[in-house]
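A structural walkthrough
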Amino acid sequence: AALIALRDVRLARHNLDFVDHLRMDLVAAIAAAPWRRMPAAKRSDVEHTINTDIKRVQVGTNQALRGGASIALVLTQLIVAVIISWKLTLVAVVSLGLIALALLPRILAARRLGAQSTNVGRRSHDLLVRFLSGLKLYKAHGFETAFVERYGDSLASMRKRAFEFAEVQAGVAFAGQ
């Protein structure tokens, strides 16, 4: 248990260092970009990338780091299993391969849903940034209610994508058990 706790702390440190470095590189690139290219980048997309997309990279990096540690553990278990019974180990490996092939459509669906979530999140963030930037005009013309409804629709769309992703992820996890 102590080794697992130590591993988790070190993995978290590596993950945070990597993500912070990535975020700083992105901000430095934006700061160094020629001014003539800046109008082409929507402010809300830049903000979304720096905050939300980098957070998703952090989650993915965490999974990749943990996956590497898990692979080492599985290889150790595989060696022990081969020593105990190579025939049963072969059956187990073939079974896992077949399960992986069966899960491929779900994995591809998760990738598609992730891309859709990014697009929906960017649109929602853009809507919020434009509202906050023009808040005085929205209030002066009485458009607050219309914004709240559009933003609610945007959040519902994000929630729908997140739930669809959770369903796919749960199906993969269930099959992997």
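Look up: the structure comes first, before these words.
Residues numbered from 1 in each chain as written. Predicted model: local features only at pLDDT ≥ 70, side-chain atom pairs only at ≥ 80, totals over all residues. Heavy atoms only, no water.

With that out of the way, let us pick up the overall build of the chain. What the chain contains, in helices and strands, is 5 helices and 0 strands. The order of helices and strands in the chain, counted from the N terminus, is α-α-α-α-α. A compact globule built from 177 residues would reach a C-alpha radius of gyration of about 16 Å, whereas the chain, at 23 Å, exceeds it by more than 25%. Seen through its principal axes, the chain has C-alpha atoms that stretch 75 × 35 × 35 Å. For the chain, buried positions account for 17% of its 177 residues. The long-range fraction of contacts in the chain, counting pairs at least 24 apart against all pairs at least 6 apart in sequence, stands at 78%. Accessible surface for the chain amounts to roughly 12,900 Å². Of this, 68% is attributable to carbon and sulfur atoms. (Helix = DSSP H or I, 4+ residues; strand = E, 2+ residues; numbered from the N terminus. Rg over C-alpha atoms; globule rule 2.2 N^0.38 Å. Buried < 20%, exposed > 50% of the residue type's maximum accessible area, 1.4 Å probe, protein only. Contact = heavy atoms within 4.5 Å. Areas by Shrake-Rupley, 256 points an atom, 1.4 Å probe, with all protein chains shown as cover.)

With 48 residues, helix H3 (residues 86-133) extends 66 Å between its outermost C-alpha atoms, agreeing within 8% with the 70 Å of an ideal straight helix rising 1.5 Å per residue. When the local axis directions of H3 are compared, the greatest deviation, roughly 40°, occurs at Leu103, which is followed within four positions by the proline Pro105. (Expected span 1.5 Å × (residues − 1). Bend = angle between axes of the 7 residues up to and from the residue.)

Glancing now at the side chain of Asp126. Structurally, the position occupied by Asp126 is in helix H3. Setting aside its immediate chain neighbours within four residues, Asp126 contacts Lys42 and Ser44.

This paragraph deals with helix H1 (residues 2-32). Because the α-helix completes a turn every 3.6 residues, residues three or four places apart line up on one side. Over its 31 residues, H1 extends 45 Å from the first C-alpha to the last, a length consistent with the 45 Å expected when each residue adds 1.5 Å. Buried within H1 are the following residues: Leu11, Asn15 and Val19. Looking at the packing, one finds that the buried side of H1 touches helix H2 (43-84).

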